[in-house]
Amino acid sequence: MTSVEQLRQDITARGDLPEHIAIVMDGNGRWARKRMLPRVAGHREGINSVRKVTRICGELDIKHLTLYTFSTENWNRPRKEVSAIMQLLMTTIRAEVDNLHKNNVRLTVIGQLEDIPAEARQGMIEGMEKTAGNSGLNLNLALSYGSRQEIISAVRKLSGLVAKGELSVEDIDEDVLSSQLYTAGMPDPDLLIRTGGEYRISNFLLWQMAYTEVYITPVFWPDFRERELLKALSEYQLRERRFGMVSEQLK
Ligand code: IPE
Ligand code: IPE
Ligand code: MG
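Student: Break down the site of ligand 2 for me, citing the residues and quoting the values.
Tutor: With respect to spatial proximity, the complete set of residues near ligand 2 consists of V24, M25, D26, Y68, T69, F70, N74, R77, R194, R200 and S202. Within the side chain of N74, an N or O atom sits 2.9 Å from an oxygen atom of ligand 2. R77 has a polar side-chain atom sitting 3.2 Å from an oxygen atom of ligand 2. Contact with the protein chains covers 78% of the free accessible surface of ligand 2, which is 390 Å². Among the elements that make up the shell around ligand 2, the one with the highest residue count is strand β2 (residues 64-71) (3 residues). Along the lines of polarity and charge, the residues of the shell around ligand 2 split into 4 nonpolar, 3 polar and 4 charged.

So, in structure tokens, the structure goes:
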């Protein structure tokens, strides 16, 4: 088996890494069930993968890492699981912010932050403020995030501007709509990784992923560490992104 070191060297030498990676961190529950553990044990172990993947993305000079942490639809899970996840979120953010800051990581959040319990929300806000000036990796957590809700909220904001006469209908284009999304100012993801083996998008970044390369692995999120990330990057580097054109035009 190629060593992790070798993989990393090959990837760095080849260059052309994604500027923005988005990850659907799925499979925590199944990871736990396989070990006869409660689901929350999978979420807890998943945090170690977040730490690892964040560190490596920083080292590889990736600019944005968007992690699907909790979806709008995840609120419909059993109350006990939702509160365990919110608890974990709160303790993790408090414990990790200093470390993120030390590593020059900038923390941002997309989604309906107002839905998050006050204490966890406060931790996020403080984390964002503390790291706002950092110039390294942007770690962007999608929290209480739903892409359809995001698009509706953008449409509402634009309609409001039109109603007030501050925007004309003809001026609405892709850039104008993008500017009202939670991801305003961020480039679209180049690479989407989904762990846990499901072939679906689950209401994640629908607009932003128009031309994103998709990589799906059966590996459960708590098992997704350096080697798995490097494998995904290495496959990404072999893809030809044609954006609707033909191969010859890209030469
Ligand atoms: C992803 O893992 C984490 C969240 C959605 C919060 P799951 O909890 O969905 O794990 P599986 O898919 O049931 O294995
Ligand atoms: C997607 O995983 C959401 C997150 C990883 C936060 P889900 O487990 O909620 O997705 P579905 O229900 O299998 O589509
Ligand atoms: Mg799941």
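After that view, the rundown keeps rolling.
Student: Hey, could you go over a negative patch on the surface for me, with residue numbers and the actual values?
Tutor: Taken together, E170, D171, D173, E174 and D175 make up a surface patch of like negative charges. Tracing the backbone through its elements, the reader meets D175 in helix α7 (residues 174-178). You can call D175 exposed: its relative accessible area is 61%.

Student: Before we move on, could you go through the pattern of salt bridges and cite the residues and values that matter?
Tutor: All chains considered together, the criterion is met by 21 salt bridges. Here R30 ties to E198 by a salt bridge, and the two come within 3.5 Å at their closest N and O atoms. Taken as a pair, R30 in helix α2 (residues 28-34) and E198 in the loop between β5 (191-194) and β6 (213-216) lie far apart in primary sequence, 168 residues in all. Looking at R30, the relative accessible area reads 24%, which means it is partly exposed. Across the pair E96 and R51 runs a salt bridge whose closest N-O atoms are separated by 2.8 Å. Of the two residues, E96 sits in helix α4 (residues 79-102) while R51 sits in helix α3 (residues 39-59), which places them 45 residues apart along the sequence.

Student: Before we move on, can you summarise unusual backbone geometry with the specific residues and values?
Tutor: Here the phi dihedral of D16 falls at roughly 55°; this positive angle occurs in a residue that is not glycine. Here the phi dihedral of S144 falls at roughly 50°; this positive angle occurs in a residue that is not glycine. When you line up the elements, S144 lands in strand β4 (residues 138-145).

Student: Just give me the short version of the site of ligand 1, but keep the residues and values in it.
Tutor: With respect to spatial proximity, 13 residues lie near ligand 1, and among them D26, G29, R30, R39 and R77 are the closest. R30 has a polar side-chain atom sitting 2.7 Å from an oxygen atom of ligand 1. For ligand 1, an oxygen atom lies 2.8 Å from a polar atom in the side chain of R39. Isolated, ligand 1 exposes 380 Å² of accessible area, and the fraction of that covered by the protein chains is 86%. Counting residues per element, the ones that place at least two in the shell around ligand 1 are α2, α3 and α4. The biggest single contributor to the shell around ligand 1 is α2, with 3 residues. Among the residues forming the shell around ligand 1, the class breakdown is 2 nonpolar, 6 polar and 5 charged.

Student: With reference to specific residues and values, describe the packing of α4 against helix α5 (residues 118-131).
Tutor: One can describe the packing of α4 onto α5 by two numbers: an axis separation of 9 Å at closest approach and a directional angle of 15°. Relative to α5, the element α4 is oriented roughly parallel. As α4 runs across α5, the sense of the crossing is left-handed. Residues M86, L89, M90, I93, R94, V97, D98 and H101 of α4 form the contact with α5, whose own contacting residues are E119, A120, Q122, G123, M124, E126, G127, K130 and T131. For the contact of α4 with α5, a count of residues per class yields 7 nonpolar, 5 polar and 5 charged.

What counts as what
- Residues numbered from 1 in each chain as written.
- Chains lettered and ligands numbered in written order.
- Predicted model: local features only at pLDDT ≥ 70, side-chain atom pairs only at ≥ 80, totals over all residues.
- Heavy atoms only, no water.
- Near = heavy atom within 4 Å.
- Polar contact = N/O pair within 3.5 Å; in protein donor to acceptor, adjacent residues only side chain to side chain.
- Areas by Shrake-Rupley, 256 points an atom, 1.4 Å probe, with all protein chains shown as cover.
- Helix = DSSP H or I, 4+ residues; strand = E, 2+ residues; numbered from the N terminus.
- Nonpolar A, V, L, I, M, F, W, Y, C, P; charged D, E, K, R; others polar.
- Patch = residues over 30% accessible without salt bridge, like charges linked within 9 Å, V, L, I, M, F, W, Y side chains within 5 Å.
- Salt bridge = Lys/Arg side-chain N within 4 Å of Asp/Glu carboxyl O.
- Lys, Arg positive; Asp, Glu negative; His and termini not counted.
- Charge placed at Lys NZ, Arg CZ, Asp CG, Glu CD.
- Buried < 20%, exposed > 50% of the residue type's maximum accessible area, 1.4 Å probe, protein only.
- Axes fitted to C-alpha atoms, helices over the stretch in contact; angles between N-to-C directions.
- Parallel < 35°, antiparallel > 145°, perpendicular 65-115°, else oblique.
- Left-handed = near helix turned anticlockwise from the far one by under 90°.
- Contact = heavy atoms within 4.5 Å.

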